[in-house]
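Structure at a glance
So the chains spell out like this:
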There are 2 protein chains.
Amino acid sequence: MERISTVSAMQARAEALRLDGRRIGFIPTMGYLHEGHLSLIDEAKRDSDITILSIFVNPAQFGPNEDYNSYPGDIARDELLAEKRGVDIVFYPSVEEMYPHKQLTWVNVETVTEVLCGASRDGHFRGVSTVVAKLFNIVKPHVAVFGQKDAQQVAVIQKMVDDLNMNVIIRIAPIVREPNGLAMSSRNIRLTPEDRKNAVILSQVLFRAKDGILKGESISSVLAAATKDIQAVAHADLEYIEALSYPDLGPMTDFNNDLLIALAVRFGNVRLIDNILIKKSS
Amino acid sequence: MERISTVSAMQARAEALRLDGRRIGFIPTMGYLHEGHLSLIDEAKRDSDITILSIFVNPAQFGPNEDYNSYPGDIARDELLAEKRGVDIVFYPSVEEMYPHKQLTWVNVETVTEVLCGASRDGHFRGVSTVVAKLFNIVKPHVAVFGQKDAQQVAVIQKMVDDLNMNVIIRIAPIVREPNGLAMSSRNIRLTPEDRKNAVILSQVLFRAKDGILKGESISSVLAAATKDIQAVAHADLEYIEALSYPDLGPMTDFNNDLLIALAVRFGNVRLIDNILIKKSS
């Protein structure tokens, strides 16, 4: 497995691969890899000749009071896991390499960034779309894979790719869950043992909500039940639970679109998200 | 000469050219070509195997009270001129092709867009940087050529390319002037014969200002003289004349950077810009 840490070396390598007719599959990550990330590698490998995984904890997508400085990391472990899973190149730039000068250029996606996590995490999606645009220009992928766990991120990236005519296919891999249903997240490690057990409530309320919708219950009643169930759990601080049309993230006026039910819950200073998608054909 | 009008056909053609090892030189224009544009073609040809010229009057960079609807155009004439000058491919998309859905994604370059033309043309540079990002993703150039006449645009594009790690070399071609000194512009055709004659004042004050600076006059005194000279001309409505550090477009505190003197003047409803660059080594 190759390791590349400079933008110029990565661009030169990517350009050479493309010239050689290779199809590049890309998995952008913030590292501290778990089975969710590794499933993205599998998905990338199904549609590429070369898989490139980036590890970059992007300061531009963290707010001043967020967990940038405590975000977990272990590059040696990540490299081992990536290599074992068949990654060909790990791109691991420093912050100085990615932001050598004062960044004045930002990619802003409107509307879809203003709800759910975007409502409370000011500037978060601006940081995400900007760094993904940068990484696409550096890694030059044909295909990039993102996890459905960040459903809003997926919607933002797909809209950016469409609006800016980026010639990159976006593939979505399903949420990978622990045996009890908790969605895999690099942040789970920071939960206390008790909170980690209790955090199962996130997926439980989502599964119940989907069942309710499919049985014909109203959106407002399933959301009310979910809210009540979360509020009954010790330390669980509900930030939002919302049901929106997907992927436009507008209000759900009829069932002509997929329905996304998404939530964010804090346990102490650990913020977890989860979601479930109800296909219109379901 | 090839003519391409869809995004998908242009992307496929550009990708095939790159795979074939060809170096793509790109000249983005709004059409109604004049000798200034044609000099950009020459510059592109010096550093590429294939030159692609785009013609697209981009509604996103015109304000509601600006001249989008009266912007001159003549595609047959443009194609003839482009072919004669050696362009290989003309990319000529419709507005619907470039903006098929409601555009929610905007590339914003801060600071350098907030002075000069950016101060009065709200949203103009957001429209410019966004459409250039789109065109780069569609035409996939190795090199793109812009005219020094839009000095601020050049500064904005170069900053965007650097900040977003776009792997495109930006080349700048000098301002091409009519024999009397008037900078070539597609908008000159819309001047009355009298105004067109009087518009020579723009270049005259800039040449005088440069002479003054090189002789050791202060920036404020050359700007004051230029302002007075423009105000003495019939119908000339001075929007701004400013001297800024280049390319950061900050205040000129010492002579460690190049100095840009730029101006915008209206004659009736025709807005003209011009500028002169004084190299720090001069």
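Residues numbered from 1 in each chain as written. Chains lettered and ligands numbered in written order. Predicted model: local features only at pLDDT ≥ 70, side-chain atom pairs only at ≥ 80, totals over all residues. Heavy atoms only, no water.

This part takes up the relation of the copies chain B and chain A. For these two chains of identical sequence, chain B goes onto chain A by a turn of 180° and a shift of 0.0 Å along the axis, with RMSD 0.0 Å. On this basis, the relationship between the two copies can be described by a two-fold rotation axis. The C-alpha atom lying nearest the rotation axis in chain B is that of B:Val107; the distance is 2.3 Å. Here 100% of the contact residues of chain B are again contact residues in chain A; the copies associate through an equivalent surface. (Least-squares fit on C-alpha atoms with pLDDT ≥ 70 in both. Contact = heavy atoms within 4.5 Å.)

Our focus in this paragraph is the environment of A:Met184. Residue and element names in this part refer to chain A. Here Met184 lies in the loop between strand E7 (169-173) and helix H8 (193-198). The class for Met184 is buried, based on a relative accessible area of 18%. Measuring from C-alpha to C-alpha, the distance between Met184 and Glu35 comes to 7.1 Å, with 149 residues separating the pair along the chain. Setting aside residues up to four positions removed in sequence, Met184 forms contacts with His34, Glu35, Gly36, Lys149, Val176, Arg177 and Glu178. (Helix = DSSP H or I, 4+ residues; strand = E, 2+ residues; numbered from the N terminus. Buried < 20%, exposed > 50% of the residue type's maximum accessible area, 1.4 Å probe, protein only.)

All names here are of chain B. Taken in spatial order, the six strands make up an open sheet running E1-E4-E3-E2-E6-E7, and their pairing is parallel. Here the strands that pair on one side only, and so sit at the sheet edges, are strand E1 (2-4) and strand E7 (169-173). When the angles between neighbouring strand axes are averaged without regard to direction, this sheet yields 25°. As defined by bridge partners, strand E6 (residues 143-147) adjoins E7 across five bridges and the pair is classed as parallel. Paired with Ala144 across the two strands is Ile170, which belongs to E7. Running at roughly 145° to strand E4 (residues 89-91), helix H1 (residues 7-19) makes contact with E1, strand E2 (24-29), strand E3 (50-55) and E4 of the sheet. (Pairing = 2+ DSSP bridges. Axes fitted to C-alpha atoms, helices over the stretch in contact; angles between N-to-C directions.)

Residue and element names in this part refer to chain A. Here we have three strands laid out as an open sheet, ordered E8-E9-E10, and antiparallel in their pairing. Lying at the two open borders of the sheet, with one neighbouring strand each, are strand E8 (236-246) and strand E10 (270-278). Direction aside, the axes of adjacent strands within the sheet are offset by 15° on average. By the bridge criterion, nine bridges tie strand E9 (residues 258-267) to E10 in an arrangement that is antiparallel. If you follow Phe267 over to E10, its bridge partner there is Val270. Helix H10 (residues 219-231) rests against E8 and E9 of the sheet, and its axis sits at about 160° to E8.

In many analyses, interface size is given as the accessible surface area lost on bringing the parts together. Contact with chain B, which involves 32 residues of that partner, is made by 32 residues of chain A. Of all residues in chain B, the largest losses of buried area upon contact with chain A belong to B:Leu104, B:Thr105 and B:Asn165, amounting jointly to 23% of the total for that side. Summed over the shared surface of chain B and chain A, the number is four salt bridges. Put simply, B:Glu110 and A:Arg126 hold a salt bridge, and the shortest N to O gap is 3.4 Å. Where chain B meets chain A, there are 24 residue pairs in polar contact (both at pLDDT 80 or more). Among the secondary structure elements, those contributing two or more residues to the side of chain B that touches chain A are H1, strand E5 (105-109), helix H6 (124-139) and helix H7 (151-163) of chain B. Ranked by the residues each element gives to the side of chain B that touches chain A, the list is headed by H6(B), at six residues. Here the residues of the side of chain B that touches chain A sort into eleven nonpolar, twelve polar and nine charged. Where strand E5 (residues 105-109) of chain A and E5(B) come together, five bridges link them in antiparallel fashion. Note that in E5(B) the partner of A:Asn108 across the bridge is B:Trp106. (Buried area = accessible area lost by both parts, 1.4 Å probe. Salt bridge = Lys/Arg side-chain N within 4 Å of Asp/Glu carboxyl O. Polar contact = N/O pair within 3.5 Å; in protein donor to acceptor, adjacent residues only side chain to side chain. Nonpolar A, V, L, I, M, F, W, Y, C, P; charged D, E, K, R; others polar.)

Turning to the environment of A:Thr113, a few remarks are in order. All names here are of chain A. Of note, Thr113 is situated in the loop between E5 and helix H5 (116-120). Apart from residues lying up to four places away in sequence, Thr113 is in contact with Gly118, Ala119, Phe125, Gln152 and Val156. Within the structure, Thr113 has its side chain in polar contact with the backbone oxygen of Val109 (distance 2.6 Å).

What follows deals with the domain arrangement of chain A. Residues and elements named next belong to chain A. In terms of domain boundaries, chain A breaks down into domain 1 (2-173) and domain 2 (186-274). For domain 1 versus domain 2, the distance between C-alpha centres works out to 26 Å. Each partner contributes residues to the interface: domain 1 has 22 residues there, and domain 2 has 16 residues. For the domain 1 and domain 2 pair, buried surface summed over both sides reaches about 1,600 Å², with 59% attributable to carbon and sulfur atoms. Among the residues domain 1 hides against domain 2, the three largest losses belong to Leu116, Cys117 and Lys149. Together they make up 31% of the total. Our enumeration of links across domain 1 and domain 2 arrives at two salt bridges. (Domains from an automatic or database assignment.)

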